[in-house]
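# Structure at a glance
Each chain is listed here by its residues.
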Amino acid sequence: MKNLQKLFAHIAGFAHFADFAGLADFVNFAGIINFLFPGNCALCGGSLLDKKEIRYSLCHGCQSSIGINEQRICGLCGKPLSSEIDTCLPCRNRDGEAAFQRLWLLFPYIGKYRKLLTEYKFRKNLYLAVFFAKMIINLIGKEPLLKDAVIVPVPPRPGKIKHTGWDQIEHLVNVMRKNNNKMVICWCLKRKRSKVQKELSRAERLKNLKGRIYLRSAPPKIALVIDDVYTTGSTMEVCSQVLKEGGAEKVYGLCLFYD
Ligand SMILES: [Zn+2]
Ligand SMILES: [Zn+2]
């Protein structure tokens, strides 16, 4: 009987997910396997028992343990603050003004949060995009600054989709759009081939990216740039510069994880 209940919950979750994410998003074998067999909680490995668990690939316990940082955050980069001042030390010491107005960074890239990203980005657990989308939509809904913002996804490196089979940012924003039909997405940024960023310093990354991220269409007046991981901030900086130079008046940024 319990197994039968599980099967029905699975089918309900399956139908719900297909509605949210669209079959066309399942671009490779790993994605298809995750889609057909959501199986266990992406974090604790426990069985998923009802459609609210299957929808996000997370058990209720893990869902409630993952919260957006409620600490005071830096008014520019969005990292948690350790002092009474409203801007963090690196932001106060930065060279020149940031091209973006401010950022929101959802989860630290450590512990269980790191596992969340690995499960999504590298193991292609596409259900997690539905969970991330819910969190981002909640945040946008609560933040007056983002009321009229148009979503601008950070563009993937050329060849990335050919190489890995998908673009996790593209998938995430498409799920966000399916979950909120008022949301507008502008695919105005594109990226030319450049060196892999991983091993480079912030200054080298900025130099490497300058001129390689460009506009292929007019940017929105108010943009919210979406990326998965914030490390040195150079990708966000260059995307914001390009959008501003192209005519955007305000650029905000949101990254799922920060290092
Ligand atoms: Zn769990
Ligand atoms: Zn800061």
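Here we take up the packing of helix α7 (residues 127–142) against helix α9 (residues 168–179). Where α7 meets α9, the closest approach of the two axes is 9 Å, and the angle between their N-to-C directions is 65°. For the element pair α7 and α9, the recorded crossing hand is right-handed. On α9, the residues that touch A129, V130, F132, A133, K134, I136 and I137 of α7 are H171, L172, V175, M176 and N179. Considered class by class, the residues forming the contact of α7 with α9 number nine nonpolar, two polar and one charged.

Quick look at the nonpolar core now. One finds L128, A129, A223, L224 and V225 to be the most contacted residues of the largest nonpolar core, which totals 60 residues. For this core, the leading source of residues is α7, giving nine residues. When residues of this core are sorted by domain, at least three fall in each of domain 1 (2–65) and domain 2 (89–258).

The end-to-end C-alpha distance of helix α11 (residues 234–245) is 16 Å, a good match for the 16 Å that 12 residues give at a rise of 1.5 Å each. Of all 12 residues in α11, nine are buried; the element is thus mostly enclosed. Taken as a whole, α11 has its buried residues at S234, T235, M236, E237, V238, C239, S240, V242 and L243. A positive backbone phi angle near 120° is found at G247, which sits one or two residues after α11.

Rules used in this analysis
- Residues numbered from 1 in each chain as written.
- Chains lettered and ligands numbered in written order.
- Predicted model: local features only at pLDDT ≥ 70, side-chain atom pairs only at ≥ 80, totals over all residues.
- Axes fitted to C-alpha atoms, helices over the stretch in contact; angles between N-to-C directions.
- Helix = DSSP H or I, 4+ residues; strand = E, 2+ residues; numbered from the N terminus.
- Left-handed = near helix turned anticlockwise from the far one by under 90°.
- Contact = placed C-beta atoms within 7 Å.
- Nonpolar A, V, L, I, M, F, W, Y, C, P; charged D, E, K, R; others polar.
- Core = buried A, V, L, I, M, F, W, Y, C linked by C-beta atoms within 7 Å.
- Buried ≥ 20, exposed ≤ 12 C-beta atoms within 10 Å, placed from the backbone.
- Domains from an automatic or database assignment.
- Expected span 1.5 Å × (residues − 1).

All we've got here are geometric facts, nothing functional implied.
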